[in-house]
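# Overview (structure and organization)
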Amino acid sequence: MAARSLGRGLGRLLGRLREGRAPRRAASGGSGSVPAAAPASYQALSAQAARDPAAFWGPLARDSLVWDAPYHTVCDCDLRGGRVGWFLGGQLNVSVNCLDQHVQKSPESIALIWERDEPGTEVRVTYRELLETTCRLANTLKRHGVRRGDRVAIYMPVSPLAVASMLACARIGAVHTVVFAGFSAESLAGRINDAKCKVVITFNQGLRGGRVVELKKVVDEAVKHCPTIQHVLVAHRTDSKVHMGDLDVPLEQEMAREDPVCTPESMGSEDMLFLLYTSGSTGTPKGLVHTQAGYLLYAALTHRLVFDYRPGDIFGCVADIGWITGHSYVVYGPLCNGATSVLFESTPVYPDAGRYWEMVQRLRISQFYGAPTAVRLLLKYGDSWVRKYDRSSLRTLGSVGEPINHEAWEWLHKVVGESRCTLVDTWWQTETGGICIAPRPSEEGAEILPGMAMRPFFGIIPVLMDEEGNVVEGCDVSGALCLSQAWPGMARTIYGDHQRFLDAYFRAYPGYYFTGDGALRTQGGYYQITGRMDDVINISGHRLGTAEIEDAMAAHPAVPETAVIGYPHDIKGEAAFAFIVLKDDAGDADVVMRELRATVASKIAKYAVPDQILVVKRLPKTRSGKVMRRLLKKIITGKAQDLGDTTTLEDPGVITEILSTYQKHRDKRAAAQ
Ligand code: WT7
C-alpha cells in the first residue's frame, strides 16, 4: 500500500483522537471486549508499520510533535550492529512539546494534580504555572553552571517540582537521571558517579504513608563520595530545617529570583534526553540512554492509544517518577498530549486500603495505571474498600511491571472496574521507552483474555527464539522474546559503555533485540509473558539483579559465599532467598544475618533485603566452580524431586545436604506462623 493511504489512515486515527472522538467501546460483556482505539485499522496499520517503518513513523512524527527544524531521515537503524537513530537532522525541544504548545492554546488547563501524601490536600498546577516553574528552575540550573549535555541527578519523590526539574533539564538540554527516592546513599552515589552529574536536586525531607523520609541526609551521605557534584539544590516539602552545607542551595529561594521565561535549547532528535539506571543480570546497574524525538513520540502515541486517552480525561498513573513508568506515563506521554496527569505521592494503604479508590472518586480519574503487587495487597483487604467509593469516572485500568496473576486480574476487572472498564496488561521495559505489547490498540470486538499481554503495538514485531537461536513459528509455542525491528522509543545505548549495550541486548540473537523475557504465543497470535530468563528478579515490580544482592552481602567479612534466588511471593510477586556460607569463626549466625540485612538495605535499598536467609555448609557447584542456581531454585520452589541434569555437579552429595537444611528451615517457619 502506498505511503499516502497509510498517511490518510493515521491522519484519520489521530484526527479522531485529537478531536476527542476516539471510537467508542463496543458494548462490553464477559471479560470485556476491546474498545479499540483504532478499530479495523489496527491490522492494516500494524502491517504498514512492519513493512515500511519510515512511511509509518515519518508522518506521525511530523504531525504530532512541534519541531524547530524538520528531520531529513526518518530511520537509520540496524539491529545487527545495535545502531538505532530516528528523525535525523530534526531539531526540537521536549519541554516546548510538553508545555509551551499547550500554554499557547489553553494556559489555564490543568497539567498536574499532585495527590499529596495527606489525603484531600491535592494541588492543581496549570500548564502556565508548570511552564513558569520549569523556566525558573531551568534558569537556576544555568546560573549554577549546568550547560547543555551536563548530567543532573534528581532524588525527589513524585511532586510538581520533580516534574519541573525533569522538564527544566530538557529545556536547557541537560540530561536528567532520576534516582528513585527509596534508594540508599550508596546506590545514589554509584549512579551520580557513573553519570558524572554536576548537580543533584532534592527535598529537605519526603513524606510517604505519613512517615518522614530523610532525603537530604541521604544526599549528604552520597555526595561525600561524588567528586563531580558542584551543587545540591534543596527544595522544601516539610517545615523542618535541615543543615545547609557549602554545596547546598535553597531551591525555592533561588527560583523566586529567576526569570519565569527561559529560551529553550534546540536539540537534535538523537541528543540525550535522560539516563535511567536499571538492573541487569550481572554487574552494576546500567544507565540506559533515551533520546529526544523518538522517545517522546513513542511515549505520547502509546499513552493515547493504549489507554484510550481523550482530551478532558484525568490520567492517573500511580508509578513513581524514579522508574520508567513514571517517566513515560506520568510525565512525558501525558504532558506531550496536553493531558491532566495525577502525581501520586502516597501509598496504596495510607491512610487505609481505600486510598486509590477514594482518590479516583475525588479526582474523577479516567484511567488508572498501577502495579499488580499493589492489587494483590489490596484484594486481601476485601471488596468493601473499593465499593465504598464511586468509580464511575474510570474507563481504562492498566497493569504494569510484572505478570498479573489470574486472581488479581479478575479482581481489578470485576471489583474495581465493575466489569465495565477495559483492563490493559502492558508489557514493556526501561529499555523499550514505552509500552510494546498490550491489548490495545487492537481489533474491535477482540476479546481481552486475563493475564495476556496481547498484541504488539504498531512497529513492534515480536519473535520467539528457541535455545539454538532459531525463530519459533506458529501458535502455542514459547521461547525467548525478541523484537526484530527498531522502534522510535527504544534505548540507544548504555551510558559510557556501548559495548555492554551490544552484549546485553544484541549478541544472543544477532539481528534482534533480546528482551531478557520468555514469552508464549497462543492461538490467534496473542502474547503472554512468562518471566525473566536471566538472573533478574522482580520484587514488587522493582527490577533487581540477584548478583547485586550477592555483591552487597559479599561485603560482610564473615560471609565468603552467597547465592540469591528469586521465588514466588504472594504479594511481592517475587522475593529474594539468600543461601549463605559462613566462615568457621563467624560467631552467632543470627547476628550475621541481621547485619547482612542491614548491609543490603544500606548498599541498595530496603526492598532488596532477602525475605529468607539460610546458612548452608557449601553451595552446589560445577567442576569449574560455577554455582548451580537452577538447583537451588528447584529446592526452594518444591521441585527437588525433578532436578534435571546434575552430572556437572562437583559433588552430588551437596544436594541432600542442602535439601535437609532447607526442609528444617521450612518446617521451622511454618511452625512459627
Ligand atoms: C521487566 C522490565 C515496564 C515498566 C516497568 C518495569 C517485567 C513488565 C510486564 C507485564 C509481565 C512484565 C518483565 C520486563 N514486566 N511488564 N505486563 N507482564 N512482565 O520496567 O523495571 O525495566 O522491568 O518487567 O520481566 O522485562 P523494568
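Residues numbered from 1 in each chain as written. Predicted model: local features only at pLDDT ≥ 70, side-chain atom pairs only at ≥ 80, totals over all residues. Heavy atoms only, no water.

### Brief notes about the pairing of strand S19 (residues 396-400)
- The buried count for S19 comes to five of five residues, which makes it a mostly enclosed element.
- Here S19 shows a buried face lined by Thr396, Gly398 and Val400 and a second buried face lined by Leu397 and Ser399.
- Pairing of strand S18 (residues 367-370) with S19, which is carried by four bridges, proceeds in the parallel orientation. Within S19, the residue paired with Phe368 across the bridge is Leu397.
- Across five bridges, S19 lies against strand S20 (residues 422-426) in parallel orientation. (Buried < 20%, exposed > 50% of the residue type's maximum accessible area, 1.4 Å probe, protein only. Helix = DSSP H or I, 4+ residues; strand = E, 2+ residues; numbered from the N terminus. Pairing = 2+ DSSP bridges.)

### So, the packing of aromatic side chains
- Inspection of the entire model under this criterion finds 37 aromatic pairs.
- Between Trp86 and Phe87, the ring centres sit 5.7 Å apart and the planes meet at 45°, which makes this aromatic pair tilted.
- Given a relative accessible area of 0%, Trp86 falls into the buried group.
- Measuring from centroid to centroid gives 5.0 Å for Phe274 and Tyr295, while their planes differ by 85°, and the two rings are edge-to-face. Linking Phe274 in strand S14 (residues 272-278) with Tyr295 in helix H10 (residues 293-306), this pair joins segments that are 21 residues apart in sequence.
- Given a relative accessible area of 0%, Phe274 falls into the buried group.
- For Tyr295, a relative accessible area of 1% translates into the label buried.
- Here a set of aromatic residues connected by ring pairs shows up, and it is made of Tyr42, Phe56, Trp57, Trp67, Tyr71, Trp86, Phe87, Tyr298, Phe457 and Phe458.
- Positioned above the aromatic ring of Tyr526, the side-chain terminus of Arg455 is 4.7 Å from the ring centre. (Phe/Tyr/Trp six-rings, centres within 6.5 Å; stacked < 30°, edge-to-face > 60°. Lys NZ or Arg CZ within 6 Å of the ring centre and 35° of its normal.)

### Points about the environment of Val249
- Position of Val249 among the secondary structure elements: in strand S12 (residues 248-250).
- Given a relative accessible area of 7%, Val249 falls into the buried group.
- Once the C-alpha coordinates of Val249 and Val232 are considered, the two residues, 17 residues apart in sequence, prove to be 6.0 Å apart.
- In this structure, Val249 is in contact with His144, His231, Val232, Leu233, Val234, Met244 and Glu254, ignoring residues within four places of it in sequence. (Contact = heavy atoms within 4.5 Å.)

### Examining the site of the ligand
- Around the ligand there are 17 residues in total, and Asp425, Thr426, Thr430, Asp517 and Arg543 lie nearest to it.
- Separating a nitrogen atom of the ligand from a backbone N or O atom of Thr426 is a distance of 2.7 Å.
- The separation between an oxygen atom of the ligand and a polar side-chain atom of Gln429 is 2.9 Å.
- Elements represented by at least two residues in the shell around the ligand include exactly helix H11 (324-336), S20 and strand S28 (527-532).
- Its residues assigned to classes, the shell around the ligand comprises six nonpolar, six polar and five charged. (Near = heavy atom within 4 Å. Polar contact = N/O pair within 3.5 Å; in protein donor to acceptor, adjacent residues only side chain to side chain. Nonpolar A, V, L, I, M, F, W, Y, C, P; charged D, E, K, R; others polar.)

### As for the sheet that holds strand S17 (residues 340-344)
- The mixed open sheet is built from seven strands, whose spatial order is S5-S4-S17-S16-S18-S19-S20. Since the sheet does not close on itself, it has two edges, and those belong to strand S5 (123-126) and S20, each with one partner. Put simply, the sheet's adjacent strands are angled 20° from each other on average, direction ignored.
- Direction of pairing for strand S16 (residues 314-317) relative to S17: parallel, over a ladder of two bridges. (Axes fitted to C-alpha atoms, helices over the stretch in contact; angles between N-to-C directions.)

### Points about helix H8 (residues 215-223)
- Along H8, the residues classified as buried are Leu215, Lys216, Val219, Ala222 and Val223. Angularly, the buried residues of H8 cover 120° about the axis, an arc narrow enough to put them on a single face. (Arc of directions from axis to C-beta.)

### Examining the pattern of salt bridges
- Scanning the entire structure with this criterion turns up 42 salt bridges.
- As a salt-bridge pair, Lys216 and Asp248 come within 2.8 Å of each other at their nearest N and O atoms. Taken together, the residues Lys216 in helix H8 and Asp248 in strand S12 connect sequence positions 32 residues apart.
- The buried category is assigned to Lys216, whose relative accessible area is 1%.
- On the basis of relative accessible area, Asp248 is assigned to the buried category, the value being 13%.
- The partner of Lys414 in a salt bridge is Glu410, with the nearest N and O atoms 2.6 Å apart. Taken together, the residues span about one helical turn, with Lys414 and Glu410 both in helix H15 (residues 406-416) at a distance of four residues.
- When salt bridges that share partners are traced, they join Glu115, Glu122, Arg124, Arg355, Glu358 and Arg362 into one network. (Salt bridge = Lys/Arg side-chain N within 4 Å of Asp/Glu carboxyl O.)

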